[in-house]
Amino acid sequence: MEPIELTFPSDSDPERLDSFISRNVPELTRSAALRLIETGFATVNGSKQKPALKLKGGEVVQVVVPPPTPAEPQPEEIPIEVLYEDAELVVVNKGAGMVVHPGAGNPEGTLVNALLAHCKDLSGIGGELRPGIVHRIDKDTSGTLVVAKCDRAHNALAEQFKEHSIKRVYLALVYGSPKEDKGRIESTIGRHPTDRKKMSAKARHGKQAVTHWRVVARYPGITLIRLRLETGRTHQIRVHMSEAGHPLLADEVYGGTGRLSGVQDPVLKQMIKSMGRQALHAKTLGFLHPVSGKYLEFDTELPPDMAGIVAYLEEKNRG
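Draft legend 1. Representation of the packing of helix α1 (residues 17–24) against helix α2 (residues 30–38) within the structure. In contact at an axis separation of 8 Å, α1 and α2 are set at 120° when each is read in the N-to-C sense. It follows from the interaxial angle that α1 and α2 lie oblique. Here α1 and α2 pass one another in a crossing that is right-handed. Side by side, α1 and α2 meet where L17, D18, S19, I21 and S22 of the first sit next to R30, A33, L34 and I37 of the second. Looking at the contact of α1 with α2, its residues break down into five nonpolar, two polar and two charged.

Draft legend 2. Region of interest: the nonpolar core. One finds L115, Y170, L227, I237 and M241 to be the most contacted residues of the largest nonpolar core, which totals 28 residues. For this core, the elements supplying multiple residues, two or more each, are β8 (89–94), α3 (111–118), β9 (142–148), β10 (167–175), β13 (207–219), β14 (222–229), α5 (236–243) and β15 (280–288). Residue contributions to this core peak at four residues, all from α3. Residues in contact with L227, not counting those within four places in the same chain, are R168, V169, Y170, A172, T211, H212, W213, I237 and M241.

Draft legend 3. Looking closely at the side chain of K94. Looking at where K94 falls in the secondary structure, it is placed in strand β8. For the buried K94, no salt bridge exists, and the shortest N-O distance to an oppositely charged side chain is 6.8 Å, to D140. A polar contact is formed between the side chain of K94 and the backbone oxygen of M98, at a distance of 2.8 Å. Of the polar contacts made by the side chain of K94, one reaches the backbone oxygen of D138; its length is 3.3 Å.

Conventions we followed
Residues numbered from 1 in each chain as written. Predicted model: local features only at pLDDT ≥ 70, side-chain atom pairs only at ≥ 80, totals over all residues. Heavy atoms only, no water. Axes fitted to C-alpha atoms, helices over the stretch in contact; angles between N-to-C directions. Helix = DSSP H or I, 4+ residues; strand = E, 2+ residues; numbered from the N terminus. Parallel < 35°, antiparallel > 145°, perpendicular 65-115°, else oblique. Left-handed = near helix turned anticlockwise from the far one by under 90°. Contact = heavy atoms within 4.5 Å. Nonpolar A, V, L, I, M, F, W, Y, C, P; charged D, E, K, R; others polar. Core = buried A, V, L, I, M, F, W, Y, C linked by side-chain atoms within 4.5 Å. Buried < 20%, exposed > 50% of the residue type's maximum accessible area, 1.4 Å probe, protein only. Lys, Arg positive; Asp, Glu negative; His and termini not counted. Salt bridge = Lys/Arg side-chain N within 4 Å of Asp/Glu carboxyl O. Polar contact = N/O pair within 3.5 Å; in protein donor to acceptor, adjacent residues only side chain to side chain.

Spelled out as structure tokens, the structure:
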């Protein structure tokens, strides 16, 4: 594996080594970073150090993220909401906080673990750690996801995603009030040039990303927006809305928490703070069945955290 090289800025306050690594390598949690340091996969100026080492400025940190352990994930009896299932595929409404498939720092408790317990015929395509996974949504994004149960379904669905023919509609709560009622955002999105936890339209090497949006409802300082993805880049909606000046509520990575201080209503402020995740929900998913060719569409309601904020804002509007 190619090592990731990070330099601790000379003008930064001292920071623990494990914290610095997890903040700058997006696929690593702090506990995963700690394990890499302890096993020598992360070094400082070429030497093995302790996770609690305080970086003071100028240190060169090298991190090697080993490939996932080639071991089958184990079935786990985790409750999941199944929207549809047949011999070829299963559609679920993923809750916020659940990782889609095992990876560094998340070997268990994932959607894959839950699906392996739910259905015994999950495809192995896509690698042993991510059987049947055709597409993903962020850990802290809730909503609709399709998983293949056989190779032909996996290949056919993957082709639809590649052709951008799958209908994907999201709902988001964002700060501010866009000037227009609808629009289209197009940019290239890639890894942020200085912050590896973030994606950005300012990346040196990016891929085309297109998001169509329209306003559903406007409230004082907050807007409910419907978004349709033409492409599906990592963090696409979060990047596009943040760089348009309208970050998602409670989005720690893309400016959502920085805007919280401007919320004057203490009840609303507490509701946003208690979300603990970006206000984004994958509401609708539509695609052609990989075997029958029939068009299927699945729609889900806003989860309680987002729905509660909308209900509160609606009530204030009526008052």
